[in-house]
Amino acid sequence: MTNPGDASRMAPWRGMLLYLVLGVAWVYLGDWLLARWVSDPVVLTQMQTWKGWAYVLLTSAVAWCLLRDLRRTEKVRLTMAKELAQIVRYAPAGFARVAPDGSILWANERLCDLLGAPLAQVCAMNFREVMLAADRDLAAVRLSHLLAGEIDHYAEERECVRRSDGHKVPVLCTVTLVPESDGEAAHLVCVVQDLDEIKAARAALKNSEARQRLAATVVDNTMEGVVVTDAHSRILSANAAVTRLLGYTEEELLGQTPRVFKSGRHDKAFYEAMWSTLRQTGHWQGEIWNRRKNGEVFPEHMSLSAVRDPAGQVTHYVCMFTDISEEKVQQQRLEFLAHNDALTGLSNRAWFGHQLELVVQEARVSGEHVAVLLLNLDRFKDVNDSYGHATGDEVLKHIARRVQSALRPGDVLGRLAGDELAVVARHLRHSDGAAAVARHLITAVAEPWRSPDGFEVVAGVSVGICMYPEHANTPELLLQGAHAAVYGAKARGRGAWCFFHEAMTQAARERLALESRLRNALAQGHLQMYYQPQVQIATGRIVGAEALVRWIDPEEGLISPARFIPVAETSGVIGPLGEWVLNEVCRQGQQWRLEGLPDLTLAVNVSPRQFHLTDLAGCASGALAESGFPPELLELEITETALAERTEEARQVLMRLRALGLRIAVDDFGTGYSSLAQLKRFPIDVLKIDQGFISDIPQSEDDMAISAAIIAMGHSMGLSVLAEGVETAGQLAFLQERGCDAYQGYLCSRPVTADAFAALLRERSGAR
Ligand code: C2E
Ligand code: MG
Ligand code: MG
């Protein structure tokens, strides 16, 4: 920048030069022109007079210009001197004009402060007075160098003594020699600065620099994107997180406006509201969708702040944001899970109930017929147990998809429990329509699930149907009715459907009551074992007995296992019940041995669920160990149907039982569909021909043929064959003729109490 004084100093010189050039040009050029063009001497004289006047005029103008420039320069000089004097007077450093002998000629306010004395007193002082005695010699040497012209200034740190309190103030003293000029004697100019103040100022500067560095480091390393713009929203800086979150480098963003991040998801009103809040409160925060450099649109949590200067003017905007896509996904997932089942994605129980309620409300108005169908998967627990839960999950998802695809638009589907789906079928004309839906669903579910390894799993389903308004008129009663109807469907066999009616509910209630009574009976010791002799046909000797459980209810009397074993199976009581039977039979068998009765094989029935779902081998070995009964005298009867299911797993269980030394009998043989090839793989000892094939002998040719075939087949496999339910001598004769090994049935004895059985045995063997 040019000093205004420089321009002022130059102006008179320029004026002078101009005057000289113009004067010379005027004299010579004027004379030359006149001599050339004017020949008349009178005119020439006249012209020369004019030339003279013009010269005077020109000279005056130039003189006036010169004067004006000089005045201006002087004015500037005076103003500057005044300003300088003001600056020096109030400068934060001490200034003094000092005579070469050290006497202070003038000092500014700051120096008076430092020296602790008013101006008049300071002006009467010599600098040497405020110096420490030790510094005086050195100061004298420096001064002599200065005055000799060897140096033009010097600066040194020293202490000066404050007049008011004698306190020593550390100062930086800079002394400059001003040589004599314009009649002013040579003098010194001293600048005195308080060293403590300088240090404090430096420390403050350092501190603020450190804080700025710290702030910059925090901004650079924070996980939040930070963009700073000027008041016109032009981006001034963007931290590393911005690059990570948006994909732009800081260089790419500098000078741009945040409009480059616009997603297009918000309307004008949104941005207007945002700016209005920002203007009013200086702050805005909320969720906003922005766009990354790669075009991806994502949600952010953003806070925007205006930075104002002391006058209240906005100087910058600071925008901080975080990517909340993950949170959003999580939130959506939670919302989804509040209404849907995590595995299948179907409506959960609560949401299904809500949807059903809406349908019922609409049906009340429209008068439409609605069916609630409850789909209970058949033996789904077995699928889980056999193939593992991961496969079970896949099968469930497959079933959910199949059912979904079998429904009509407007129908509702939900998963109420592990193996329970529910459907609301709408706009039905009558109950036949609901039955058709049920059949359709059963067929859809029957489609096997194929594993990536190629094996197939088929899960059947039993469907209970409850109709609005025929059977029930509230969502709760409709679901309850469908539930009760499922029991009816199950009773008809797997893969069946059944409508709700009062009798069904009654039956369900009875089943529940029976279940709790059975638990109680087990705990109270109301169960008792009966024994039915097994007779060796060739010798007529009792070689064993089948143990059959009885429930002696204090009020109802004897309850048949045919009534309570199915309830025990479905409710899970079969586990503890089966364990009790095993323990009791082993205990009894050992007791008879100790009482001296001949060794007998005791056969214990094992129900399919007990076989597949409880630790049968563990339970049997426990009972044997506890009682001391020999394993080879214990026979476990497993029904053919239990063996036909999940054959490999069944084989494993049988192998474990065989390893204990037990005998294994296949009960009710002929009623299941086990293949001969399968049977061969099982470690089996006895085949028990189902009594259904014996009862019609000798009338039924077929039964006789079947029984004969079973005997022959059993023998060919090295198995012993026992016929159940032998009631007549004719039946026995037939069996004997066909080489059957043993029988049991009313012909010999009904199942009797342990005491009665022991008595029978003693009587038969002649023992007492
Ligand atoms: P099951 O194992 O086939 O037992 C034979 C059934 O036939 C017994 O009925 C027996 O009383 C009956 N019975 C025996 N001889 C004759 C006969 O000559 N004629 C006729 N009509 N029936 C005869 P029960 O005792 O009522 O047992 C029924 C079923 O209950 C048994 O069939 C068995 O599957 C089951 N069960 C009995 N006790 C137990 C047990 O302790 N545990 C398990 N899991 N099931 C048992
Ligand atoms: Mg049996
Ligand atoms: Mg049987």
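The structure presented is a predicted model; accordingly, all values stated were derived computationally and were not measured. (Residues numbered from 1 in each chain as written. Chains lettered and ligands numbered in written order. Predicted model: local features only at pLDDT ≥ 70, side-chain atom pairs only at ≥ 80, totals over all residues. Heavy atoms only, no water.)

**What to know about the overall build of the protein chain**
Stage number 1. Of the regular secondary structure elements, the protein chain holds 28 helices and 27 strands.
Stage number 2. In summary, the protein chain has a C-alpha radius of gyration of 58 Å against a globular reference of 27 Å for 768 residues, an excess of more than 25%.
Stage number 3. Along the first, second and third principal axes, the C-alpha atoms of the protein chain reach 185 × 80 × 50 Å.
Stage number 4. In the protein chain, which comprises 768 residues, the share counted as buried stands at 42%.
Stage number 5. Taking the intrachain contacts of the protein chain between residues at least 6 apart in sequence as the baseline, contacts between residues at least 24 apart amount to 58%.
Stage number 6. Accessible surface computed for the protein chain: about 41,300 Å², of which carbon and sulfur atoms make up 56%.
Stage number 7. Computing the positive centroid from 77 side-chain charges and the negative centroid from 94, the protein chain places the two 7 Å apart. (Helix = DSSP H or I, 4+ residues; strand = E, 2+ residues; numbered from the N terminus. Rg over C-alpha atoms; globule rule 2.2 N^0.38 Å. Buried < 20%, exposed > 50% of the residue type's maximum accessible area, 1.4 Å probe, protein only. Contact = heavy atoms within 4.5 Å. Areas by Shrake-Rupley, 256 points an atom, 1.4 Å probe, with all protein chains shown as cover. Lys, Arg positive; Asp, Glu negative; His and termini not counted. Charge placed at Lys NZ, Arg CZ, Asp CG, Glu CD.)

**Some words on the packing of aromatic side chains**
Stage number 1. Here the structure, examined in full by the defined rule, presents 11 aromatic pairs.
Stage number 2. Consider the rings of Trp497 and Phe499, whose centres lie 5.7 Å apart with planes at 85 degrees: the pair is edge-to-face.
Stage number 3. Ring geometry for Tyr531 against Trp592: centres 5.0 Å apart, planes inclined by 70 degrees, an arrangement best described as edge-to-face. Taken as a pair, Tyr531 in strand S18 (residues 527-536) and Trp592 in helix H19 (residues 574-594) lie far apart in primary sequence, 61 residues in all.
Stage number 4. Residue Tyr531 is classed as buried on the basis of its relative accessible area, which comes to 1%.
Stage number 5. An aromatic cluster of at least three residues, connected via ring pairs, comprises Phe270, Tyr271 and Trp284. (Phe/Tyr/Trp six-rings, centres within 6.5 Å; stacked < 30°, edge-to-face > 60°.)

**Looking at the coordination of the magnesium ion (ligand 2)**
Stage number 1. Ligation of the magnesium ion (ligand 2) by protein atoms is provided by Glu546 (OE), Asn605 (OD1), Glu637 (OE) and Asp667 (OD), these donors lying 2.0 to 2.3 Å from the ion.
Stage number 2. In this structure, the magnesium ion (ligand 2) lies 3.8 Å away from the magnesium ion (ligand 3), the two metals sharing Asp667 as a donor. Linking Glu637 in strand S22 (residues 634-639) with Asp667 in strand S23 (residues 663-669), this pair joins segments that are 30 residues apart in sequence. The exposure classification of Glu637 matches that of Asp667, with both residues buried. (Donors = N, O, S within 2.8 Å, 3.2 Å for Na, K, Ca; no water.)

**A closer look at the environment of Phe499**
Stage number 1. Here Phe499 lies in strand S17 (residues 497-499).
Stage number 2. Separated by 386 residues in sequence, Phe499 and Asp113 have C-alpha atoms that sit 109 Å apart.

**Brief notes about helix H27 (residues 729-737)**
Residues separated by three or four positions in an α-helix point in the same direction, a consequence of the helix having 3.6 residues per turn.
Stage number 1. Taken together, the buried positions of H27 are occupied by Gln731, Leu732, Phe734 and Leu735. Down the axis of H27, the sector holding all buried residues measures 160 degrees, keeping them to one side. Facing away from the buried side of H27, by more than 90 degrees, are the exposed residues Ala729 and Glu737.
Stage number 2. Elements that come into contact with the buried residues of H27 comprise helix H25 (691-694), helix H26 (701-716), strand S25 (720-723) and strand S26 (742-743).
Stage number 3. The first or second residue beyond H27 is Gly739, which carries a positive phi of 80 degrees. (Arc of directions from axis to C-beta.)

**A word on the site of ligand 1**
Stage number 1. Around ligand 1, a shell composed of 22 residues is seen, among which Gln532, Arg550, Asn605, Gln691 and Glu727 lie nearest.
Stage number 2. Between ligand 1 and the protein, one listed contact pairs a nitrogen atom with a backbone N or O atom of Ser607 at 3.4 Å.
Stage number 3. Within the backbone of Tyr746, a nitrogen or oxygen atom sits 2.8 Å from an oxygen atom of ligand 1.
Stage number 4. For ligand 1, the protein covers 82% of the area, taking 790 Å² as the surface of the free molecule.
Stage number 5. Secondary structure elements with two or more residues in the shell around ligand 1: strand S19 (542-553), helix H18 (561-571) and S23.
Stage number 6. Looking at the shell around ligand 1, the element that brings in the most residues is S19, giving four residues.
Stage number 7. Here the residues of the shell around ligand 1 are counted per class, giving eight nonpolar, seven polar and seven charged. (Near = heavy atom within 4 Å. Polar contact = N/O pair within 3.5 Å; in protein donor to acceptor, adjacent residues only side chain to side chain. Nonpolar A, V, L, I, M, F, W, Y, C, P; charged D, E, K, R; others polar.)

**Re H18**
Stage number 1. Turning to H18, its buried residues number three or more, namely Phe564, Val567, Ala568, Glu569 and Ser571.
Stage number 2. Where H18 begins, the capping side chain belongs to Ser560, and its oxygen is found 2.9 Å from the backbone nitrogen of Ala562.
Stage number 3. Following H18 by one or two positions, Gly572 adopts a phi angle in the positive range, close to 95 degrees.

**Digging into the confidence of the model for the protein chain**
Stage number 1. Chain-level statistics for the protein chain give a pLDDT mean of 88 and a share of 96% at 70 or above.
Stage number 2. Here residues 1-10 is a poorly scored stretch, pLDDT under 50, and it has six contacts once near neighbours within four places are set aside; other chains count. (pLDDT = per-residue confidence, 0-100.)

**Some details on the domain arrangement of the protein chain**
Stage number 1. Examined at the domain level, the protein chain breaks down into domain 1 (4-87), domain 2 (90-201), domain 3 (222-329), domain 4 (356-500) and domain 5 (524-763).
Stage number 2. Relative to domain 5, the C-alpha centre of domain 1 lies at a distance of 146 Å. (Domains from an automatic or database assignment.)

**Some thoughts on the pattern of salt bridges**
Stage number 1. Per the stated rule, a full pass over the model turns up 36 salt bridges.
Stage number 2. Close ionic contact of Arg349 with Glu420 constitutes a salt bridge, the shortest N to O distance being 3.9 Å. You can see Arg349 sitting in helix H12 (residues 349-366) and its partner Glu420 sitting in strand S13 (residues 420-428), a full 71 residues away along the chain.
Stage number 3. Using a relative accessible area of 43% as the deciding quantity, one classes Arg349 as partly exposed.
Stage number 4. Owing to a relative accessible area of 7%, Glu420 belongs among the buried residues under this scheme.
Stage number 5. In this structure, the salt-bridge partner of Arg517 is Asp553, at a minimum N-O distance of 3.5 Å. Within this pair, whereas Arg517 is found in helix H17 (residues 502-524), its partner Asp553 is found in strand S19, the two being separated by 36 residues in sequence. (Salt bridge = Lys/Arg side-chain N within 4 Å of Asp/Glu carboxyl O.)

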